[in-house]
Amino acid sequence: MSAATSPTVTWETLELHTAQPFGIARWTHSVYPRIIVTLTHSGLTGRGEAAPNAFYGETRGTVEAVLPILAEAVEDPWDWDGLHARLSARMPYDHPSVKCALEMAAVEWCAARAGVPVWQLLGLSPAPLPESSYTVSIADLDDMRRQARDAAARGHGVLKVKLGTDRDEAIIAALREEAPHVRLRVDANAAWTRTQARRMLGVLEAAGVEFVEQPLAAGDLDGHAALRAVAGVPIVADESLHHVSDVLALARAFDGVNLKLAKLGGPLQALRALRLARAHGMSVMMGCMIESSLGIAAAAHLAGACDWADLDGALLLADDPFSGLDWTAGHLARPTGSGWGVERRTP
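So, here's what we can say about the structure.

Conventions adopted
Residues numbered from 1 in each chain as written. Predicted model: local features only at pLDDT ≥ 70, side-chain atom pairs only at ≥ 80, totals over all residues. Heavy atoms only, no water. Helix = DSSP H or I, 4+ residues; strand = E, 2+ residues; numbered from the N terminus. Buried < 20%, exposed > 50% of the residue type's maximum accessible area, 1.4 Å probe, protein only. Contact = heavy atoms within 4.5 Å. Arc of directions from axis to C-beta. 1 Å grid on protein atoms, 1.4 Å probe; cavity = no way out; pocket = protein on both sides within 12 Å on 5 of 7 lines; lining within 4 Å. Points joined across faces, edges and corners; volume = space filled by probe spheres on them. Nonpolar A, V, L, I, M, F, W, Y, C, P; charged D, E, K, R; others polar. Polar contact = N/O pair within 3.5 Å; in protein donor to acceptor, adjacent residues only side chain to side chain. Salt bridge = Lys/Arg side-chain N within 4 Å of Asp/Glu carboxyl O. Core = buried A, V, L, I, M, F, W, Y, C linked by side-chain atoms within 4.5 Å.

**Examining the side chain of Thr-135**
- Along the polypeptide, Thr-135 turns up in strand E4 (residues 134-136).
- With relative accessibility at 5%, the residue Thr-135 sits in the buried group.
- Dropping the residues within four chain positions of it, Thr-135 is found in contact with Phe-22, Gln-147, Lys-160, Lys-162, Asp-310, Asp-312 and Leu-316.

This is how it looks when you write it as structure tokens:
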């Protein structure tokens, strides 16, 4: 496309707030800056969301600093390979959430032009989405009990509990007592030592936990491989997965991968990682950051091809700026309508 017909890319920063403080092993936050990107061309728009995470080297400041540079990579919205190549040439490994927002916007613009949902544009199956887990974040034990009790009462049948404390065994016992019939998953967020992880494996198996996510430090592939060899529950990678190219190395150490669009650089990159993981016999979960329903919708369009879903990021918010997702407890309906299937709420 010539410069005269190139798309216009604009953005705005929103501060999203969780309904209650959200804690994991590394931190507890209540405010999450999210940058909404809009691509406008030929009377149509496409939207994306950048969800920066300081653990992966991104902040509100870095996103706002590099967006003017990376936005120049957007030319023909249909040229997805070219967009990825130009983004990679400008910033080879950094700023994945910015790349995600720009790729999301280009893909939605194409779906709007075609008049179809993104999942249909990508040729994905219309199969129902896996039931999403609902996260019980780290807090004092009574509050974690309340989180589990309230979620189960609302009909959530799958809970994911954040661990990585000196009271992990007590947390598992308490949540099993509060919600004995839910499916339970565990996310240690890379907080355990090898010794702690081996001790916890028996606790998790006895509690009927479905899988444990990222028990050890991100770079400890040997430790994860050794843990996997003796584990009675699947071991799933999250913090160890930064790029699509990481999947091959992770296949020897993990049973599955948690795919997050903001971490991999967008929906097309997550789809590449999904197919690569499948080719190496791995299970796949579609995950999320704390994001608005725009970011969650993008992940939902791919989730029907996955074994598990963890798409509760927008459910944890007190002020989601988008609407349109159809939730019944943990059951998220496949988005409908052209594009991502969500709309901006009227202020």
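On we go.
**A word on helix H1 (residues 60-70)**
- Taken as a whole, H1 has its buried residues at Val-63, Val-66, Leu-67 and Leu-70. End-on, the buried residues of H1 take up no more than an arc of 130 degrees, which puts them together on one face.

**Digging into unusual backbone geometry**
- Phi angles above zero are rare outside glycine, and Asn-189 is one such case at about 50 degrees.
- Inspection of the secondary structure assignment puts Asn-189 in the loop between strand E6 (183-187) and helix H7 (194-206).
- Although it is not a glycine, Ala-190 adopts a positive phi angle of roughly 65 degrees.
- Note on placement: Ala-190 falls in the loop between E6 and H7.

**Examining the layout of surface pockets**
- Approximately 460 Å³ is the volume found for the largest pocket.
- At the level of secondary structure, the elements contributing two or more residues to the lining of the largest pocket comprise strand E2 (28-41) and strand E5 (158-162).
- Ranked by residue count, the leading element in the lining of the largest pocket is E2, at five residues.
- For the lining of the largest pocket, the residue count by class is 13 nonpolar, six polar and twelve charged.
- In this structure, the second largest pocket encloses a volume near 290 Å³.
- His-84, Ser-88, Pro-92, His-243 and Leu-264 are the residues nearest the centre of the second largest pocket, which is lined by 18 residues in total.

**Regarding the side chain of Asn-258**
- If you trace the backbone, Asn-258 turns up in strand E9 (residues 256-259).
- Taking relative accessible area as the criterion, Asn-258 reaches 0% and is therefore assigned buried.
- Among the polar contacts listed, one links the side chain of Asn-258 to the side chain of Glu-213, at a separation of 2.8 Å.
- Setting aside its immediate chain neighbours within four residues, Asn-258 contacts Glu-213, Val-236, Ala-237, Asp-238, Leu-241, Lys-263, Met-285, Met-286 and Gly-287.

**A short note on the pattern of salt bridges**
- Per the counting criterion, the structure on display carries 26 salt bridges.
- In this structure, the salt-bridge partner of Arg-145 is Glu-177, at a minimum N-O distance of 3.5 Å. A residue pair is termed long-range when its members are at least 10 positions apart, and Arg-145 in helix H5 (residues 141-153) and Glu-177 in helix H6 (residues 168-178) qualify at 32 residues.
- Judged by relative accessible area, which is 19%, Arg-145 ranks as buried.
- The class for Glu-177 is exposed, based on a relative accessible area of 58%.
- Its salt-bridge partner being Asp-222, residue Arg-252 comes within 2.9 Å of it at the nearest N-O pair. One end of the pair, Arg-252, is in the loop between helix H9 (247-250) and E9; the other, Asp-222, is in helix H8 (residues 221-230), with 30 residues separating them in the sequence.
- Take Arg-252: its relative accessible area is 46%, and that puts it in the partly exposed class.

**Observations regarding the environment of Cys-110**
- With respect to the helices, strands and loops of the structure, Cys-110 is situated in helix H3 (residues 96-114).
- With a relative accessible area of 0%, Cys-110 lands in the buried category.
- In the structure, Cys-110 is positioned 74 residues away from Leu-184 in sequence and 38 Å away in space, judged by C-alpha atoms.
- Filtering out sequence-adjacent residues up to four positions away, Cys-110 remains in contact with Pro-77, Trp-78, Trp-80 and Leu-121.

**Focus on the nonpolar core**
- Judged by nonpolar contacts, the single largest core of 87 residues is most densely connected at Trp-192 and Leu-311.
- When residues of this core are assigned to their parent elements, the largest contribution, eight residues, is made by helix H12 (residues 293-303).
- Contacts of Trp-192, omitting those with residues within four sequence positions, involve Leu-163, Gly-164, Asp-168, Val-186, Ala-197, Met-200, Leu-204, Val-212, Pro-215, Leu-216 and Ala-217.
- Among the nonpolar cores identified, the runner-up in size contains 22 residues, and Val-9, Leu-83, Leu-87 and Leu-102 belong to it.

**Here's the deal with empty space enclosed by the protein**
- For the structure on display, the rule yields one cavity of 30 Å³ or more.
- Size it by volume and the largest cavity reaches roughly 40 Å³.
- Considering the residues around the largest cavity, the lining is formed by Ala-51, Pro-52, Asn-53, Tyr-56, Glu-58, Pro-96, Ser-97, Ala-262, Lys-263 and Met-289.
- Elements that contribute at least two residues to the lining of the largest cavity include exactly H3 and helix H10 (261-264).

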